[in-house]
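Spelled out from the first residue to the last, the chains are:
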Amino acid sequence: MNKKDWWKEAVVYQIYPKSFQDSNGDGIGDLRGIIQRLDYLKNLGINVIWLCPVYQSPMDDGGYDISDYYHVHSMFGTDEDMDELIRKADELGIKILMDLVVNHTSDEHKWFQEALKNPDSKYADYYIFRETEDGNPPNNWRSYFGGPAWTKVEGTNRFYLHEFSEKQPDLNWENRELREEIYQMVNYWLDKGLGGFRIDAICNIKKRLEFGTFQPDGEDGLRYIGDWVLNQPGIEVFLKELNERTFRLHNSMTVAEANVPEELLNQFIGEEGFFSMVFDFSYADIDVPDTGEWFRPRQFTISELRKNIFDSQKMVQEKGWGAVYLENHDQNRSVNKYLPEKEINYYSKTMLASLFLFLRGTPFIYQGQEIGMENIRMDTIEDYDDIATHGQYHRALKAGLSEKEAFDIVAKRSRDNSRTPMQWNLSKNAGFSNAEATWMKVNPNFTKINVTCQQKTDSVLRFYKKLIGLRQESKYSSVMVNGAFLPYEAEDEDASVIAYQRILEKERLLVIHNFQNCESMIKIPEGYKEKAIGNYDREYLGETCYCLKPYECMALYKSQ
Ligand code: GLC
Ligand code: CA
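Residues numbered from 1 in each chain as written. Chains lettered and ligands numbered in written order. Predicted model: local features only at pLDDT ≥ 70, side-chain atom pairs only at ≥ 80, totals over all residues. Heavy atoms only, no water.

1. Quick word on the coordination of the calcium ion (ligand 2)
Part 1: Around the calcium ion (ligand 2), the donor atoms from the protein are D22 (OD), N24 (OD1), D26 (OD), I28 (O) and D30 (OD), and they sit 2.2 to 2.4 Å away.
Part 2: All donors of the calcium ion (ligand 2) come from a single chain, and their spacing in sequence reads D-x1-N-x1-D-x1-I-x1-D.
Part 3: Taking the relative accessible area as the measure of exposure, D26 reaches 36% and is therefore partly exposed.
Part 4: The buried category is assigned to D30, whose relative accessible area is 3%. (Donors = N, O, S within 2.8 Å, 3.2 Å for Na, K, Ca; no water. Buried < 20%, exposed > 50% of the residue type's maximum accessible area, 1.4 Å probe, protein only.)

2. Looking at the pattern of salt bridges
Part 1: Under the defined criterion, the tally for this structure stands at 49 salt bridges.
Part 2: The residue D408 makes a salt bridge to R377 at a minimum N-O spacing of 3.0 Å. In this pair, D408 sits in helix α13 (residues 403-413) while R377 sits in the loop between β15 (362-366) and α12 (387-398), placing the two residues 31 residues apart along the sequence.
Part 3: It is possible to trace a salt-bridge network through shared partners that takes in D61, D330, D386, R415 and R419. (Salt bridge = Lys/Arg side-chain N within 4 Å of Asp/Glu carboxyl O. Helix = DSSP H or I, 4+ residues; strand = E, 2+ residues; numbered from the N terminus.)

3. Details of the packing of α12 against α13
Part 1: With their axes 9 Å apart at the nearest point, α12 and α13 run at an angle of 145° to one another. Along this stretch, α12 crosses α13, giving a crossing that reads as right-handed. On α13, the residues touching T389, Q392, Y393, A396 and L397 of α12 are E403, A406, F407 and V410. (Axes fitted to C-alpha atoms, helices over the stretch in contact; angles between N-to-C directions. Left-handed = near helix turned anticlockwise from the far one by under 90°. Contact = heavy atoms within 4.5 Å.)

4. Let's talk about the sheet that holds strand β16 (residues 484-487)
Part 1: The strand order β16-β17-β18-β22-β20 describes an open sheet built from five strands, whose pairing is antiparallel. Looking along the sheet, the strands with just one partner apiece sit at the ends: β16 and β20 (530-534). Averaged over all adjacent pairs, the angle separating strand axes in this sheet is 20°, with direction ignored.
Part 2: The pairing of strand β18 (residues 507-514) with strand β22 (residues 553-558) spans six bridges and is antiparallel. Within β22, the position partnered with L510 by the bridge is L556.
Part 3: Running at roughly 145° to β18, helix α11 (residues 346-357) makes contact with β17 (497-504), β18 and β22 of the sheet. (Pairing = 2+ DSSP bridges.)

5. What about the sheet that holds strand β8 (residues 150-152)?
In sheet architecture, strand pairing relies on hydrogen bonds along the backbone and comes in two forms, parallel and antiparallel.
Part 1: Ordered in space as β6-β9-β8, the three strands form an open sheet in which the pairing is antiparallel. Looking at the sheet topology across the chains shown, the edges are occupied by β6 (129-131) and β8. Within this sheet the neighbouring strands show an average axis-to-axis angle of 30°, counted without direction.

6. Comments concerning empty space enclosed by the protein
Part 1: Taken as a whole and assessed by the stated rule, the structure comprises six cavities of 30 Å³ or more.
Part 2: There is about 70 Å³ of room inside the largest cavity.
Part 3: What lines the largest cavity is R142, G218, E219, D220, E293, F295, R395, K398 and A399.
Part 4: The residue inventory of the lining of the largest cavity, partitioned by class, reads two nonpolar, one polar and six charged. (1 Å grid on protein atoms, 1.4 Å probe; cavity = no way out; pocket = protein on both sides within 12 Å on 5 of 7 lines; lining within 4 Å. Points joined across faces, edges and corners; volume = space filled by probe spheres on them. Nonpolar A, V, L, I, M, F, W, Y, C, P; charged D, E, K, R; others polar.)

7. So, the packing of helix α5 (residues 176-190) against helix α7 (residues 235-250)
Part 1: It is at 9 Å that the axes of α5 and α7 come closest, and there the two elements cross at 25°. The angle between α5 and α7 places the two elements in the roughly parallel class. For the pair α5 and α7, the crossing hand works out as right-handed. For the pair α5 and α7, the contacting residues are R176, R179, E180, Y183, V186, N187 and L190 in the first and F238, E241, L242, R245, T246, F247 and H250 in the second. (Parallel < 35°, antiparallel > 145°, perpendicular 65-115°, else oblique.)

8. Regarding unusual backbone geometry
Part 1: We note that A201 has phi near 40°; this positive angle belongs to a residue other than glycine.
Part 2: The topology assignment puts A201 in the loop between β10 (196-199) and β11 (223-224).
Part 3: Notably, N429 is not glycine yet its phi reads approximately 50°, a positive angle.
Part 4: Following the sequence through the fold, N429 ends up in the loop between α13 and α14 (451-456).

9. Side note on the site of ligand 1
Part 1: Taken together, the neighbourhood of ligand 1 is formed by 13 residues, with D61, D200, E257, H329 and D330 sitting nearest.
Part 2: A distance of 2.6 Å separates an oxygen atom of ligand 1 from a polar side-chain atom of D61.
Part 3: One nitrogen or oxygen atom from the side chain of D200 is found 2.8 Å from an oxygen atom belonging to ligand 1.
Part 4: For ligand 1, the protein covers 95% of the area, taking 310 Å² as the surface of the free molecule. (Near = heavy atom within 4 Å. Polar contact = N/O pair within 3.5 Å; in protein donor to acceptor, adjacent residues only side chain to side chain. Areas by Shrake-Rupley, 256 points an atom, 1.4 Å probe, with all protein chains shown as cover.)

10. Focus: the state of the cysteines
A covalent bond between the sulfur atoms of two cysteines is what we call a disulfide.
Part 1: Counted according to the given criterion, the structure contains zero disulfides.
Part 2: A disulfide-free cysteine, C547 has its sulfur positioned 8.9 Å from the sulfur of C545, the nearest such atom.
Part 3: A relative accessible area of 27% means that C547 is categorised as partly exposed. (Disulfide = S-S within 2.5 Å.)

11. Here's the deal with the nonpolar core
Part 1: M82, F197 and F515 are the most contacted members of the largest nonpolar core, which totals 144 residues.
Part 2: Setting aside anything within four residues of it in sequence, one finds F197 in contact with Y55, L97, M98, D99, L100, V186, W189, L190, F247, M253, T254 and V255.
Part 3: Counting 20 residues, the second largest nonpolar core, distinct from the first, contains F145, I387, L401 and F407. (Core = buried A, V, L, I, M, F, W, Y, C linked by side-chain atoms within 4.5 Å.)

12. Some thoughts on the side chain of E327
Part 1: Assignment of secondary structure puts E327 in the loop between β14 (323-325) and α10 (334-338).
Part 2: For E327, a relative accessible area of 2% translates into the label buried.
Part 3: Separated by 2.7 Å, the side chains of E327 and R333 make a polar contact.
Part 4: Within the local environment of E327, its side chain forms a polar contact with the side chain of S334, the two groups lying 2.6 Å apart.
Part 5: Setting aside residues no more than four positions away along its own chain, E327 makes contact with Q14, N332, R333, S334, V335, Y366 and Q369.

13. Some thoughts on the domain arrangement of the protein
Part 1: You can read the domains of the protein as domain 1 (6-104 + 176-461), domain 2 (110-161) and domain 3 (481-559).
Part 2: Once you take the C-alpha centre of each, domain 1 and domain 3 turn out to be 30 Å apart.
Part 3: Taken together, both faces of the contact between domain 1 and domain 3 bury some 2300 Å²; the carbon and sulfur share is 68%.
Part 4: Scanning the region where domain 1 abuts domain 3 turns up zero salt bridges.
Part 5: Joining domain 1 to domain 3, the criterion identifies 11 residue pairs in polar contact (both at pLDDT 80 or more).
Part 6: Put simply, the parts of the chain that give the side of domain 1 that touches domain 3 at least two residues each are α9 (302-319) and α11.
Part 7: A per-class count over the side of domain 1 that touches domain 3 returns 14 nonpolar, six polar and six charged. (Domains from an automatic or database assignment. Buried area = accessible area lost by both parts, 1.4 Å probe.)

Below is the structure:
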């Protein structure tokens, strides 16, 4: 995988380490567990793993609060286990991406501890501290998880900035020495043979500090922080330097968690871009309002979803390469988000799979997505571990919702929906762990949804595997990877059909998705005879008017 753009051919599998496989019976997933499951992943056909954070951390935000970048958390194993995982995966042709969290550290990081103790130490300038005369916070920004973005150092009038939780103080990228420490750490990991990084909250590293009281936009008297900390002018200097000093030297794959406005996209993912690709939020967050309040979910239509996907595809292909995904550890399960509850079944799940895996860009599959895992329903708010879920719940109560209303709404969107243990088989704890209790509840539906059951029959898993195989190694591979994206808009088209083409010289794929639980007619241009894949066992005989079954999907191919 030394080719310059090797990552274009990648199919990525995202692992949430705490919930993938427990190897030592403590109820928590770990690195040796992942090593045990490498054969499964190889067999699935993926060739890159993105590992959510496994660094030392008090785990206040699922490991996105790092207290030591150089060592693995003992709950996940040892540093040697990590080396072994990188080596064993490599032997199978699988590259590992780690999560790079450098917008903030944990408050338990030694830099922050030093900074707290001694305001004159050099570490104080690694973070963003402000002293106020009156003892009130420097401004009324709201952190992303709710509550003020400034926390007071006990017994002083000194505050530190945290865009996320108060246990995640923001780093000060203006400080050159800090930047040097970061580059050194990134290279330390890349030298071990990592494929690259998924880069957390990277659009947030440049802050436009302004003080005072801004017009509140919520019942809490606070104001959304994004306008001061997202994609601020000057960020390009840091991102360019980061790339030149680290990733570029290793031909790394980098995927930035970054909602980048169109005018900046070229700098991010163009020929000389800072990253290989970025995640786009426009369709995964289609149900979240701009204020980030899950408890006021946005209703959306299939036409809107189609528009968002198409706009994103068109925009990204003009500038460079993209990453496509249905799920990750910050989302609820995609089948629950995009499908009406009563219509969640084999057909609708496989249709979603096809909709995403045929898009242009590197696909990211989140653990359990390939077997169609679904949201979990917990009993009380205390059952949720996710810090954001609690933040949203409290904001919902403040906004006047009753406890029950707040719980119902927040439960649907909770990030814990995707953080429940992987469902492997019918044995205890779905084969995830032989502990008495697992760190998070196993979804009781594991008796129906698990890997072992799906190995045998026509299943969501088989469908994913087939799709991955088509992309990785088939006569359709080059058009699936390199083909241009073109929306397909037939006359009188049903608003619930999402169809598009991929075009590479004479080769063409037409991919059609009937995003509804009833039949629909679609016009198909002449010349298509070959069906590459479909979720109904039906032949396609070249009809120019074709009646799609409920949630039917199919990909047609022609080469002249
Ligand atoms: C990113 C991560 C999310 C985390 C946040 C703060 O959005 O994906 O899980 O809570 O950054 O690090
Ligand atoms: Ca364990």
